[in-house]
Structures are given as C-alpha cells and as structure tokens.
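Working through the structure, step by step
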Amino acid sequence: MAAPMLQWARAGRCWLLGPCPRRMILLFAEPGPGRVRGQSSAAAQEPRPGAQEWAAVVGLEIHVQISSNSKLFSGSQVTFLAPPNSLVSFFDASLPGTLPVLNRRCVEAAVMTGLALNCTVNKKSLFDRKHYFYADLPAGYQITQQRRPIAINGSLTYSLGVGALWSPSATKTVRIKQIQLEQDSGKSLHDDMRSQTLIDLNRAGVGLMEVVMEPDMSCGDEAATAVKELQLILRALGTSQANMAEGQLRVDANVSVHHPGEPLGVRTEVKNLNSIRFLAKAIDYEIQRQIKELENGGKILNETRAFDEKLGCTVSMRDKEGKQDYRFMPEPNLPPLILYDTESLPMGADPQQVVNIDRIRESLPELPSVTRERLVEQYGILPEHSFALLNEDGLLEFFQNVMKETRAEPKKVIGWILSTFLGYLKQRNLAVSESPVSPSSLAELLSLLDDKVISQPAAQQVFEELWQNQGKSPGQIVQEKKLELLHQQEELEEICQAVLDQHPQEVMAVKKGNHKVVNKLIGLARRATLGRADPVKIKQILEKQLQ
Amino acid sequence: MWCRPLQSVLRTGLTPVTRSWKAKVRACRFAKSESVKGQSGELPTPPPASRPGCRVSAELIEHLERLALVDFRNQEGVERLHKAVEFAGQLRAVDTDGVAPMESVLEDRCLYLRTDNVVEGNCVEDLLQNSQQTVEDYFVAPPGAGMRGILLRHAEEVGFSVDGFNFSWGNISLPKLSEQDPVTPS
C-alpha cells in the first residue's frame, strides 16, 4: 500500500491530495499550525534543490479499557478514583494459589468491537503470559493474547476533509491487525520527597482491548481522526467510554519515515499521549525530527520517546540496548476460549457459558457512520452538520429532543444549535449535559421565531436571557421584555411615516436619487419600533412611502 | 527389577531416528523468543545458540540471568544447567511430525465464563500485611535500588538465593519510573 507523499515538510500539515483543510485542524481545537521548538524554519519552507520527497508511516497501538463492572480475571470492581488498593482482590495482588477466571462481559465487549471494526472473530483464541519485571505488575507477567487474539483483520474508515472539502467519498481506511484481550497493570506514583515509588493496584487486572492498527496512516491528523472515529464507535457500542483524559484510551504511535519506493525506515515509538490534540502534534513533530535527522546524515534509533506537552517535542525515554525479551508462554491456567455462532452452538448448552457471535452481531447498536447518513436523510441536513452533531457528546440527543418539540425547520434548528448554542457552550467550557438551556426551552424559542412572533435579533436576546437560567420560559421573557414583533400594518406605517416626517432632508436626498440614505431611515425606523419590527417589513413600507 | 525387561524393550524398540538421539541432544538449540508486531524495528538478536555438546555460552548465561533473575553463581550451577538441558533433550526422541502441540492439559475443558458482578476487593488491610513498607495504603517500592529490592525479593520467592553483590544491576534496562504514568491522581 503506497504511502501518500509528504512533499513539503511542514509541521501540522499533511499534503495528500492538497493542503489539509484548516477546519479539520479546528475540529480538534488546535490553535493553528503549531510552532515546534527546535525546528528551523529554513528546512520547512521549500524543497531544497535535489532533495528527495519523504513519506511518513504511522501505526498505532491503542489500549482501550473495557467498560465493565468487574475486572478481566477477578471479581474486584472497576471504577475511576477509589481509595488506593481498595479494589484489589487476592488474584490482582498475585498472591499464591489464586487463579484467573474470565469475565464474560469482557469477551462480549471484545467480540462487539471486533464486529464493529469488520474483523474476523477467531472462534478459538488463546491466552499467553508476557513476562517482564516492574513494580506495578505484581505477578511478573501480564496475561495477554499473543498467539491467537480474539479478532483479526479488520478495518476502520474515517473521513478526510471537513467543511468545504467534505465529500462522502473522501474517506480513508486503516487496517486493524488484531484486537486482543489483556490485563492492565497497576499504577506507580513517584514520591519525590521521600524518594519512593508508591504502588496502587486498583487498576491492575482491569480488562483492556489492545487494538493494533497497521501503519497505513501518514500524518498526525490522519491518526487523530482515526482515533476520534474509534472513540465514537466505542462509545456507540458501549464497550468503553474511551476517555483519554481518564486513561480509558491510551495510544502509542509508531512513526517512521522513508523515501517513496524504498523500504520502510527505522521506527520509533511515541508514548505519553494524553489527548487527541497532543497525539497529532507529537506525531507531526516526530516526523519532522526524523526527516531532519536523516537529512543531516544522522540515523534513527529504534527507541521509545515520550511526548513533552510543554515543550511540544518528543524526548528519548530510555535507551534500549536490545529489545525486551518477553518470554511468551501459553497461560497454563486458562483453556482456549471458544466462541460459537448459531450453527456451531452445542445443543443444550448453558447460555451463560456460551458466547454466540451471531447473536452479538444482531444486537450491535447503530454505528456512527450509519447514524450520520441517517441524519442527513431524515432531517435533510448537510453531512458536515451530522458530523459535527456526533462529534460533541450529547449534542445529537439535544438536537433530537429539540426537533421533537418544535415545528421549525431542521436546517434552522441546526444553525442555532451548531453556531449559537455550541458557541455559548464552548465559550464557557461547558459540556452539553451542563447546559442551562434545556431542549424544550430552545424548542419553544425556535417555535416562536418560526411563527414570526419575534424577530431574529429578539430571539438572540431571549437566548441570552435563557442562558442566565432564571427559570423563565421563552414566552415569559418575550412578554416581559416586550419583544413581540409588531404586526399591525397601520402601526408600522404610522411609525415609518413619523420617521419620514422628522427627517425631511433625508427624504429629499432619497428623492434626488441617493439610495444609501434609505438605510439610515430604516435604522431610525427600527430604533423607533424598539427592535420589535421585522426589518424586511420596515424596508418595504418605507420604500412604498418614499415613492 | 521389573523395569529391566522394559528398558531392553525400549532399547530394541528404538527406531533409526531415535538411535541418534544423543546426537540430537548435542545439537539442541534454545527456542527463540518471539517479539510482537511491528514495522521494521530491529528484531531482538537471540543470544548465540549453544554449540553441540550442550555447552552454554557465557553470553547466554548472562542473558538468562537478566531475564529470569537467577544467579548461576559458579561453574557448578552452570553444570547443573547443562545437565538439565540434556535431560530435557530426551524429548526430541519422539517423532512429532504432523502432530499439533498440546499447550495445556485443559485444552478440552470449557473455559468458564464468570458473570460480570463485583464479588471481591475491599481488603486493603489484609493485602498491606504482606508488604514490608507501606505509606497510606500504598505499597512502597523504593526507586532504583529499591526496584532491585523488589527484584531480589521476587527471585528469592522463586527459590534462588541472590547475593546483592553478584546481581548485575547495571545491565537491566527498565523504564524510568517517574515517566511511567502521566495520568496519576495527585
């Protein structure tokens, strides 16, 4: 699979079919193309004469924490933020004599995720031990699936352009190599004061799905979009909340560069990526760093690098004098995991003990890509609107609730939700669930606007009032502030005539042919009506009266 | 006494393949460790295979010591290793062509699936009793030398006595603890 060209080495851009659209960068709230320290601007401007093109290759290893009540092999609870070592069973602390017992929910979650990502689910998968010594791994090994994982050979499709460059066909696919079940390790906290490391095993043993993506991506934005799409899929399935900030989704990126046509270069692994924004930044920085290093005649070491958020660069974490030897061996305490489909289901089997792939496939919820298309069809909104609706947690539900209670057109509702409502939320850094305006309030407001009871500017005013959340409904606010549109033609005509009478010079100017003055008269008339008149109507009346 | 006829039966029953089992034993190799997925990273170079006669090279001894945290300590320990390897080499006498390996005696058992309920946990005091040092319900692992302390303790559990001075700490490359976890509650 030919990797797209990275023609001009510039931070924050990937040149595929053309420039990476700015709006895509804004989608991740990135503050414009990042200036990365340590990068000479000279290298970034033009391809030097004789310089070859570079292609970057990015692969991802994503660890997803499964959303379940108990851990993968033990019955202790899975939850965020609990007193240290309170969610630890004897097995998690690897006390002798304890054995792993597989959690059914985790198996179902892995199968669901595999099916959603178009994987082949292995009917027989095996568990192995991966040995390494570390303080937060009490057993000295991690139970994982190295030989035969639970799902293999899938794909994830994500969209490239947004906004002006959107088109349903502008999508890219990344292959999923495998999905495997494995244990999470505990947490180690470094206490600098007393020069100690404190170990908390609450997280040890929690079920993880490791999603391995093949190196089909070529820049930070692509990787970020793919991860974002995976997040949406996982949330739609309910298999994980996929919250990077809470550590439920951890991404390691493998980055390498090479000249097109030549074999792949040496890869480095980038860790410590806490958010999607940093993921994109880190990958782009690493690509730049490698290109610069190679162009200066240096070599890339196969090492692990951590991303330093404050400096915006990657730093070497440890020197690997030879890779870790994990001494994989089959887990002797767990027989093979057998999954069934409706055909191969044994007769009279205990339903609790059997996982039926077909049953799970039938019960898969609607995936984000399908939802987006359905929204466009159902409401007649633009694809990028449905994209934006799904991007924000809870926004889709909000929109649907508003639509239920108002007769206004979907396009108008979308406009209000995506610009005004979302704008207010972002300004105050609130989530949809924290909005002071309820869907019914907004629905009422939009109905008033639709019925032409109030004008657009008045509606904005009412919205501002609603945001203060003083418990008043839009109708009440309109009445109190006397924002209703004046509809009576005679009243309007009276006001307009009065304005004309008060400004004879302007009237003369218009009659002489100066039409710009009409705007001034319109403005005066609007002020006279205290903003309660439809500007269009005022203009019509004035023009009639001026003839 | 009854085993003598058995032995003679076994000896005469040896096929041409197995007659040369001693030669096979001498040519035994250590299985390569598998490394996981990836693009063209450098694959781990396995330690040099042992020469015929099952002599284990010094580099291999060092590699094993690092991996498994054992200390062969002296020539006698290495000799014992050689004997153990030779003994295990007898397995090669069996012709396993076309036979799938059995990884577990449980392979025909059903893997029991547990319902997703919380039934364990909440035993901090019991767990902390096992630790020499604790700080506010956390286990303590002193960094650097302390890490070595954990490793030493683990090795002791496994049954090998480790003398701190013989333990080659410098060769172990472990991730720096302070950079391990970005998402940590303060």
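What this report covers is the structure whose coordinates are included nearby. (Residues numbered from 1 in each chain as written. Chains lettered and ligands numbered in written order. Predicted model: local features only at pLDDT ≥ 70, side-chain atom pairs only at ≥ 80, totals over all residues. Heavy atoms only, no water.)

**Re the overall build of chain A**
For chain A, the helix and strand inventory stands at 17 helices and 17 strands. For chain A, with 547 residues in total, the buried portion stands at 53%. The long-range share in chain A, meaning contacts at least 24 apart out of those at least 6 apart in sequence, stands at 69%. Approximately 24,900 Å² of chain A is accessible, and the part contributed by carbon and sulfur atoms is 51%. (Helix = DSSP H or I, 4+ residues; strand = E, 2+ residues; numbered from the N terminus. Buried < 20%, exposed > 50% of the residue type's maximum accessible area, 1.4 Å probe, protein only. Contact = heavy atoms within 4.5 Å. Areas by Shrake-Rupley, 256 points an atom, 1.4 Å probe, with all protein chains shown as cover.)

**A look at the packing of helix H8 (residues 383–391) of chain A against helix H9 (residues 395–405) of chain A**
All names here are of chain A. At a closest axis distance of 6 Å, the pairing of H8 and H9 adopts a crossing angle of 115 degrees. On H9, the residues touching Ala388, Leu389 and Leu390 of H8 are Leu395, Leu396 and Phe399. Considering only residue class, the contact of H8 with H9 consists of six nonpolar, no polar and no charged. (Axes fitted to C-alpha atoms, helices over the stretch in contact; angles between N-to-C directions. Nonpolar A, V, L, I, M, F, W, Y, C, P; charged D, E, K, R; others polar.)

**Examining helix H12 (residues 456–467) of chain A**
For H12(A), which comprises twelve residues, the first-to-last C-alpha distance of 17 Å matches the rise-based estimate of 16 Å (1.5 Å per residue) to within 8%. Against the buried residues of H12(A) lie helix H10 (410–427), helix H11 (439–450) and helix H13 (474–481) of chain A. (Expected span 1.5 Å × (residues − 1).)

**Details of the sheet that holds strand S3 (residues 138–141) of chain B**
Reading across the sheet, the four strands line up as S9(A)-S10(A)-S3(B)-S2(B) and stay open at both edges, with antiparallel pairing between neighbours. The sheet is open, and its two borders are formed by strand S9 (187–191) of chain A together with strand S2 (134–135) of chain B, each paired with just one other strand. (Pairing = 2+ DSSP bridges.)

**Things to note about the nonpolar core**
All names here are of chain A. Membership of the largest hydrophobic core comes to 74 residues, with the highest contact counts inside it found for Leu60, Ile62, Val107 and Leu181. If sequence neighbours within four positions are ignored, isoleucine 62 has contacts with Met209, Glu210, Val211, Met213, Val227, Leu230, Leu249, Arg250 and Val251. Core analysis: the second largest hydrophobic core is formed by 39 residues, Val402, Leu422, Leu425 and Val478 among them. (Core = buried A, V, L, I, M, F, W, Y, C linked by side-chain atoms within 4.5 Å.)

Without other data, these values stay purely geometric and don't point to any function.
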